[in-house]
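As a plain string of letters, each chain reads:
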Amino acid sequence: MTTVDLPVAVPAPVRGARRQQRRPRRLLTFIAEHAIAIAVALMFLAPFVFIALTAVMTNTQALTPDVWPNTWRFDNFVEVFRTAPMLRYLTNSLLYSVLATGFMLLSSIPAAYALARLRWRGRNLAFMAVLVMMMLPPQVTVVPIYVLWARWELTGTLWPLILPNLLGDAFSIFLIRQFLLTIPEEYADAARCDGCSELRVMLQIILPLAKPAIAAAALFMFFLTWNDYFGPLLYTGENANNWTLALGLANFRDLHRVQWNLTMAATLLVMAPVIVLFFFAQKAFVQGVTLTGVKG
Amino acid sequence: MTQLRIPRLAVGLAALSIITAACTATESNSSEPLPAPTATASGTVTFWHFFTGREAEAIKQVVNDFEASHPGVTVKVSSGQDDEKMRQAIAAGKGPDVGLSYSTDIVGNFCSTGAWRDLQPYIDRDQVDLNQLVPVVRAYTEYQGVRCSMPVLADTYGLYYNKKLLADAGYTAPPKTTSELTEMAKKLTRFKANGDIDVIGFMPNLDYYENSPAHWAPHWDAHWFNDDGKSALATDPAWQEMLTWQKQLVDFYTHQKLTKFSAGKGDEFSAANDFERGKVAMMLDGEWRIAFITADKANIDYGTAPFPAADDKSDLYGGGYVSGNITGISKGAKNPEAGWELIKYLTTDTGAIVKLANGIKNVPTTTEALASPDLEVDDNFRTFLDIFAHPGSATSPSTKAGAEYQNLFGTWLVKWQTGRAGDLTAGLEGVAKQIDDSLALAGP
Amino acid sequence: MTTIAPPAVSVPAATRRPARTPAPLRRKRRKHRLFVLALMAPWLLGFCIFFVYPLMATVWFSFTRYNLLSPPEFIGLRNYTFFFTSDPYGLQSVRNTLWLVIFVVPIRILFALLIAQLVIRIKRGGSVFRTIYYLPALAPPVAATLAFCYLFNPATGPVNQALAKLGIGGQPLWFSDPALAKPTLLILSVWGLGDVMVILLAVLLQVPVEQYEAAQLDGANVLQRFRYVTLPFISPVLWFAAVTGVIQMLQFFTQAAVASSVASGVAPVGGGLGERLGYPDNAMLTFPIWLYSKGFASFQLGYACAMAVMLFAVSLAFTVVLLRKSRVFVYGAEEA
């Protein structure tokens, strides 16, 4: 199980006589590395800075080369809420993300447990199926699924996006399963010896140990649904009352296309919750990412 | 193979077959119920239209009048609903009772698929006289004999010109032929110090604001389809004339500068519109622009005239492209009776038509409304009424695939303007084939 | 594929002691199976309804003409032949998506690797840098794309204005230039490479330091150390990043769609989103976008399904490659 807490591993310097020789060269590489790192960091941060600055400009100034706002129009953020029903979009986004994440946890944790810690015939086949599901582009199955929801009269709402999570989410199952594999069997064995049923082993022994993975999966699901554009576009496109923030933001600029200042303010507002949440849940987040890509 | 797998597979397959059966069996092609023997409208009507802002307000006023004169009927209005959304909703069985589309593009598709109901039974029952509709409008609201829509005001397109910019360059009258247009466009253009276009005489890009092959076609008398239903893009020489003329002007500006100018253009339907800001000296636009200029209090002295005609077809001058808003009743509508009353009101009641026409400055579609003394007509608006009545005016044909043929052409045209489309004739033939194939795929 | 040993006690010895009833064992096993079934049931149901059925239905619909208003009409292979012979947009969309796969995936991974190496070398404050490099990957795609549309607006955006001030000639049209639109999408994707960087960082940290030292003592230079020590160790993760990257590019929709509609500036009156997709000159018309346009803007669902089948075939091929290549990655842990 990897953690990504730094300090980082750096090849230890060679000791002894060579030291004197190496110092100037090491200093040079030190400066070079830091310079490059800072330059790259500036490039990565620059767009954010520009967005933030433009968000507090007047509209006319947003079209000019002036980078620094002449007047600081913090009321732009308020204006955003006046020009588009951002509050409603926010509610919809929250509804979608929270419910989807909750449902996903309900259905995916058991499946991940069964795939990781129980032995049964067909387990590998099932896991392969999970992998294939995970890799499938959604556009492949979008048409029949849309037809299904149309028959069930749920198009125009967010339910087609929320409800399927009651039946498991392949990526989350994968993530949690990878983590569960790493929990030593001794914990479970000890509990079984004490006479615990399988259910109790799962609920009281193993799953509490899997909190990091569960948190990571929940975070991922939340972000995935928060950032989802294609899904809401397809299912709620025709019903503006049910738009999420992603859809609202994309269409915000339609009515006020050249009002870049307001558009950037809205962009900032949509980005903010994600970034804030990330700062609070950094560890779980990074852990989750590594769980997917790095064998535990 | 294993004891656990077989029951599971069986359950899975069973679930599959049940669902598949359930979900594909509900394809009922039941015919729509016939209208009641006598008109009795009551209840709620859902009404979707595409207008926003000021125009949405205007139509709201007319809807209020309808509610006042039809007690017992309430109208639930949704604005900003475009064709795509309507089609999606109707396909999912949640279409509005009455929908209003911004153009005639969907008539072919909606009438043939039944997305909008056949209105003929209602028309016959209430004995609505279709002769009150101007002929071209009557033609573009039906498809292959099925009348699934009624017209709500029409749009005509003409030339808007900035009198001051023209006067500064020494012109007193707008151009009447395309050669004059070219000449004046070049003279009226002003460049910045770095070579970029500051003010453009006439923007020739075919994807800029209202420029499009459909809107330009009547001025060269270009036809989209032959009598056999096949695309005439390659066979009708008018298209080549039109595109050669356009390319000349594009090359004069260079397409890079045009793209840059276009990238900085203002929102078409706001006060930042390039013409309203004085960045364009002459522009093709619809008659609604008059209302927008007034509402936006744009600071320009402008005039309107018919768009120039091709040099060798001067008798076309005075005409233009005609289209219009249309309305219909969705398949599966919950309250078709009340919906029909609303449609009748919007499309045949002279008072309503005139009020709406005055509100959004569109062209009325019934002969009575056109002649009404209550219709506010100033010189600028009169131009468009004249264009509407001109014999050289034309609309674009309806197909089962909607406006796909226009989109196919439009996309190739973007390549054409950048000079990457190669030989004109070969290119047109290619597009014609695509159009023919796409129509074939859409069905007989 | 491994077989799983039956749980608990050995098989009832029907041959040896016929009188012994394995009833308690059977009960236990059945209970176990029921438990597994209970745990897996929701996913199983979801698998049938939202995966197996739609796949079969997509294939079926691809042979029909279907607009949702009337029953599907069987037309055989005409959707497929139309795609390959008369649909310039379809073929263009294939080219566009292929471009993204070929260029974006490797470049992203390369830069992510370089930046991860950089982060490792920064001893103090390394985590700050890591956070900064990761931040853009967090931004919602719509927001990030909108921001880039503003930044790279040819007429009013800061990038071109900076270029003008610096005197660097040629004001590129970025998203409005058919030749530059996809490279601009590439820049957007590289800006958001944080997610790849983080997993590379994690695995790079696992490379045993002793091996580096040993290589250094043997006289290996930086490149050789990378090739013989680092690369073998991180290659499973590189593979993973590559294949998931490809699959991501195959479904690339949001950024291209939003960039198209914003950069085109076409007023969306009445027509809808479908009108503006693909701008400029179909340079940003990816395969999923064209699929969406055909299926849900024009409502030619049968045709969209034909495209979906093609997409499935390609992504399945890549999935199989991933599964084959990383058997150890997938199965290794549980065998331990």
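Relevant structure appears above.
Since this is a predicted model, take the numbers as computed values, not measurements. (Residues numbered from 1 in each chain as written. Chains lettered and ligands numbered in written order. Predicted model: local features only at pLDDT ≥ 70, side-chain atom pairs only at ≥ 80, totals over all residues. Heavy atoms only, no water.)

Visitor: Please explain the pattern of salt bridges as it appears in this structure.
Guide: In a structure, side chains of opposite charge can pair up when their charged atoms sit close to one another. Residue and element names in this part refer to chain B. Using the criterion set out here, one finds 24 salt bridges over all chains in the structure. Two residues, Lys313 and Glu241, come together in a salt bridge whose shortest N-O distance is 3.6 Å. Of this pair, Lys313 sits in the loop between strand E10 (302–305) and strand E11 (322–329) while Glu241 sits in helix H10 (residues 237–253), and the two are 72 residues apart along the sequence. A salt bridge links Lys344 to Glu341, with the nearest nitrogen and oxygen atoms 3.6 Å apart. One end of the pair, Lys344, and the other, Glu341, are both in helix H13 (residues 336–348), 3 residues apart, so they sit about a helical turn from each other. (Salt bridge = Lys/Arg side-chain N within 4 Å of Asp/Glu carboxyl O. Helix = DSSP H or I, 4+ residues; strand = E, 2+ residues; numbered from the N terminus.)

Visitor: What am I meant to see in empty space enclosed by the protein here?
Guide: The rolling of a water-molecule-sized probe over the atoms marks out the regions of remaining empty space. Tallied over the entire structure, the rule returns 7 cavities of 30 Å³ or more. If you add up the space inside the second largest cavity, you get close to 50 Å³. Taken together, Arg87, Ala91, Asn109 and Thr113 of chain B together with Asn67, Leu69, Ser298 and Phe299 of chain C make up the full set of residues lining the second largest cavity. Where the lining of the second largest cavity is concerned, the elements lending two or more residues are helix H3 (83–91) and helix H4 (107–113) of chain B. Here the residues of the lining of the second largest cavity sort into 3 nonpolar, 4 polar and 1 charged. (1 Å grid on protein atoms, 1.4 Å probe; cavity = no way out; pocket = protein on both sides within 12 Å on 5 of 7 lines; lining within 4 Å. Points joined across faces, edges and corners; volume = space filled by probe spheres on them. Nonpolar A, V, L, I, M, F, W, Y, C, P; charged D, E, K, R; others polar.)

Visitor: I would appreciate a short explanation of the interface of chain C and chain A in the present structure.
Guide: Frequently, the measure chosen for interface size is the accessible area that the parts lose on association. At the junction of the two partners, chain C supplies 110 residues and chain A supplies 108 residues. For the pair chain C and chain A, the two sides together bury roughly 10,100 Å², of which 77% comes from carbon and sulfur. Between the two partners, chain C and chain A, sit 1 salt bridge. As a salt-bridge pair, Arg121 of chain C and Glu33 of chain A come within 2.9 Å of each other at their nearest N and O atoms. In terms of residue count, helix H1 (residues 23–61) of chain C provides more of the side of chain C that touches chain A than any other element does, 19 residues in total. For the side of chain C that touches chain A, the class distribution of residues is 83 nonpolar, 19 polar and 8 charged. (Contact = heavy atoms within 4.5 Å. Buried area = accessible area lost by both parts, 1.4 Å probe.)

Visitor: Whenever I open this one, the packing of helix H2 (residues 53–69) of chain B against H13 of chain B confuses me. Can you help?
Guide: Axis angle and axis distance: for two packed helices, these are the angle between their axes and the distance between the axes, and together they describe the pair. Residue and element names in this part refer to chain B. For the pair H2 and H13, interaxial distance at closest approach is 11 Å and the crossing angle is 120°. Comparing the axis directions of H2 and H13 gives the class oblique. As H2 packs across H13, the resulting crossing turns out to be right-handed. Judged by residue contacts, Val62, Asp65, Phe66 and Ser69 of H2 engage Ala338, Glu341, Leu342, Tyr345 and Leu346 from H13. When its residues are assigned to classes, the contact of H2 with H13 shows 6 nonpolar, 1 polar and 2 charged. (Axes fitted to C-alpha atoms, helices over the stretch in contact; angles between N-to-C directions. Parallel < 35°, antiparallel > 145°, perpendicular 65-115°, else oblique. Left-handed = near helix turned anticlockwise from the far one by under 90°.)

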